[in-house]
Amino acid sequence: MTESKFTPRVFSGIQPSGNLHLGNYLGALKRFVDMQGPDMETVYCMVDLHAITVWQDPKELMHSTRELCAGFIAAGINPEQSILFNQSQVPEHAQLAWIFNCVARMGWMQRMTQWKDKAGKNQQNASLGLFAYPSLMAADILVYHATHVPVGEDQKQHLELTRDIAIKFNNDFGVDFFPITEPVIEGAATRVMSLRDGSKKMSKSDASDMSRINMTDDAETIAKKIRKAKTDPDALPSEVEGLEERLEARNLVNIYSALSDQTPEQVLAEVGGKQFGEFKPMLADLAVAKLSPISSEMARLMNDQAEIDRILARGAERARQITVPILRQTYEIVGMVGAGQN
Ligand code: TYM
């Protein structure tokens, strides 16, 4: 298959479940903003249908979806340029996911590490939606014929599965219909780690709020969390090789790099030899300078929720101009009577 058949198009999504944190921002959102441009169509989604694979309080889900939309815009997504919407307003995602449930194999799903981590020992009691989650994610991407998907490292396996589903669909039906999507996992912050344990990913489900920086944290809280972040007693090295065995030190240097748009090498050239007592306040100042304008803009946007709802509705309308014809063609390929007529 030649990829040139498909126009370059970016798709990515974030779950509106709880707070947006620094990992989401540096690993995903900030890079979504960087990918906006005249040569690339960009489609970004609040994946509310994914969020309900585990229990969500309905009122909180609505609040989180709107707050996430405010986060996208405050971080620099322009809703006129990018298509910005919540997943449930574009029914073709769920419709294509059903087709993919019939393409993907049980064994593929059982291998997913996120399923194993999230369902844990209690798989019998997990929702069927949680198991089928990667099939819906493949549909999110492929219902746009998206070619590029910026994500953090933890989503890599799901993107490989998306490729497998596209390949199997194309082979089963003898077509060249779905593109083989490129994961875009780049930069210093593809895996931001917990501030309390450098071997664990920063995540919204961690019981300790001190483990993560939330995009809604105020300046004082951000500074306190960085001051209390776990480190080791040594000074920072001048070369990245010196960070290999030092998970917490490496994490803080990576965060500094991503926030300051520098490589870890450039950062270490500046801060190598410094003790954490000196480096942590530098990092706290940088984090506050970069994140505070975003959190205050989020709060401002949240004062006009009707406007947020209008933006999401308009985004969904634009999204459906892409998804309706792609789903219709998929139905035709699969052999659904009537698909050619509407
Ligand atoms: P979610 O909502 O868990 O996370 C959203 C994005 O943030 C990235 N991320 C991180 N990056 C670096 N360090 C971290 N500690 C960190 N934690 C989270 C994630 O990799 C992700 O890019 N399944 C997806 C949502 C989704 C999606 C899609 C993504 C649904 N459909 C289609 C891309 C394309 C998820 O649960 O992300």
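Think of each chain on its own: its residues are numbered from 1, step by step along the sequence as written. Given that this is a predicted model, residues contribute local features only at a pLDDT of at least 70 and side-chain atom pairs are listed and counted only at 80 or more, while totals for whole chains, interfaces and linings are drawn from all residues. Excluded from the side-chain calculations are hydrogens and water; all other atoms, namely the structure's heavy atoms, are used.

1. A few points about the overall build of the protein chain
When you go through the protein chain residue by residue, the secondary structure sums to 13 helices and five strands. It is over C-alpha atoms that the radius of gyration is taken, and the globule rule equals 2.2 Å times the number of residues to the power 0.38. Relative to the globule expectation of 20 Å for 342 residues, the C-alpha radius of gyration of the protein chain, 21 Å, shows essentially globular dimensions. Judged by the C-alpha coordinates and their principal axes, the protein chain covers about 70 × 45 × 45 Å. The buried share among the 342 residues of the protein chain stands at 50%. Throughout, a residue-residue contact means that at least one pair of heavy atoms, one from each residue, lies within 4.5 Å. In the protein chain, once contacts between residues fewer than 6 apart in sequence are set aside, the share between residues at least 24 apart is 75%. Here the protein chain displays about 15900 Å² of accessible surface, and carbon together with sulfur accounts for 50% of that area. For helices the rule is a DSSP run of H or I covering at least 4 residues; for strands it is a run of E covering at least 2, with both sets numbered from the N terminus onward. Classification of residues uses two cut-offs on accessible area relative to the type maximum, computed with a 1.4 Å probe and protein chains only: under 20% is buried, over 50% is exposed, and between them is partly exposed. For the accessible areas, the method is Shrake-Rupley and the probe is 1.4 Å, while residue cover comes only from the protein chains on display.

2. Description of the site of the ligand
Around the ligand, the structure places 28 residues, and the nearest of them are Gln-15, Tyr-133, Asp-140, Asp-154 and Val-192. The definition of a polar contact used here is a pair of N or O atoms within 3.5 Å, where within protein one atom must be able to donate a hydrogen and the other to accept one, and adjacent residues in sequence count solely through side-chain atom pairs. A distance of 2.8 Å is found between an oxygen atom of the ligand and a side-chain nitrogen or oxygen belonging to Gln-15. Between an oxygen atom of the ligand and a side-chain N or O atom of Asn-24, the distance comes to 3.2 Å. Considering the ligand on its own, with 710 Å² of exposed area, one finds that the protein chains cover 97% of that surface. Structurally, the ligand is housed in the largest pocket. Only β1 (9–14), α1 (22–35) and α7 (128–142) provide two or more residues apiece to the shell around the ligand. For the shell around the ligand, the per-class residue count stands at 12 nonpolar, 11 polar and five charged. Proximity is defined per residue: any heavy atom of the residue falling within 4 Å of a molecule or strand makes that residue near it. Put simply, the grid is 1 Å and covers the protein atoms alone, a cavity is a trapped set of points that fit a 1.4 Å probe, a pocket is an open set with protein on both sides within 12 Å along at least five of seven lines, and lining residues have an atom within 4 Å of a point. A cavity or pocket is said to hold a molecule if more than half of that molecule's atoms lie within 2 Å of its grid points. Residue polarity is assigned by list, with Asp, Glu, Lys and Arg as charged and Ala, Val, Leu, Ile, Met, Phe, Trp, Tyr, Cys and Pro as nonpolar; anything else, Gly included, falls into the polar class.

3. Observations regarding the domain arrangement of the protein chain
The domain boundaries assigned to the protein chain delineate domain 1 (3–190 + 304–341) and domain 2 (209–300). Look at where the C-alpha atoms of domain 1 and domain 2 centre, and you get two points 30 Å apart. Facing 15 residues of domain 1, the contacting portion of domain 2 comprises 17 residues. Three residues, Leu-22, Ala-74 and Ala-188, lead the burial of domain 1 against domain 2; their summed loss comes to 36% of the area buried on that side. For this document, the term salt bridge refers to a Lys or Arg side-chain nitrogen within 4 Å of an Asp or Glu carboxyl oxygen. The interface formed by domain 1 and domain 2 contains one salt bridge. Between Lys-30 and Asp-261 there is a salt bridge, with its nearest N and O atoms 2.6 Å apart. Domain borders in the structure are assigned automatically or taken from a domain database. Accessible area, probed at 1.4 Å, shrinks when two parts are joined; the buried area is that loss added up over both.

4. Side note on unusual backbone geometry
For His-145, which is not glycine, the phi torsion reads 50° and is therefore positive. Assignment of secondary structure puts His-145 in the loop between α7 and β4 (148–150). Look at His-145 and you get buried, because its relative accessible area is 14%. Phi is positive for Asp-261, which is not a glycine, with a value near 55°. Within the secondary structure, Asp-261 is located in the loop between α10 (247–260) and α11 (264–271). Judged by relative accessible area, Asp-261 falls into the exposed class, the value being 57%.

5. Side note on the state of the cysteines
Two cysteines joined by a covalent bond between their sulfur atoms form a disulfide. Cysteine sulfur pairs qualify as disulfides if the two atoms are within 2.5 Å. Taken as a whole and judged by the stated rule, the model has zero disulfides. Note on Cys-69: no disulfide assigned, nearest cysteine sulfur contributed by Cys-45 at a separation of 11 Å.

6. Looking at the packing of α1 against helix α3 (residues 58–75)
Lines fitted to C-alpha atoms define the axes, with helix axes restricted to the stretch in contact, and inter-axis angles between N-to-C directions lie between 0 and 180 degrees. One can describe the packing of α1 onto α3 by two numbers: an axis separation of 9 Å at closest approach and a directional angle of 60°. By the angle class used here, α1 and α3 are oblique. The hand of the α1/α3 crossing is right-handed. Here Tyr-25, Leu-29, Phe-32 and Val-33 of α1 come into contact with α3, specifically with Gly-71, Phe-72 and Ala-75. The scheme is simple: roughly parallel for angles under 35 degrees, roughly antiparallel for over 145, roughly perpendicular for 65 to 115, oblique for anything else. Take the far helix as the reference: if the near one is turned anticlockwise from it by less than a right angle, the crossing is left-handed, and if turned clockwise, right-handed.

7. What to know about empty space enclosed by the protein
Grid points are joined across faces, edges and corners, and a volume is the space filled by probe spheres set on the points. Scanning all chains against the criterion turns up two cavities of 30 Å³ or more. Taken as a whole, the largest cavity spans an internal volume of roughly 80 Å³. Gly-18, Asn-19, Leu-20, Glu-67 and Leu-68 are, among the 13 residues lining the largest cavity, the residues nearest its centre. With three residues, α3 is the single largest residue contributor to the lining of the largest cavity. The class makeup of the residues in the lining of the largest cavity is six nonpolar, five polar and two charged. The two domains that each donate at least three residues to the lining of the largest cavity are domain 1 (3–190 + 304–341) and domain 2 (209–300).

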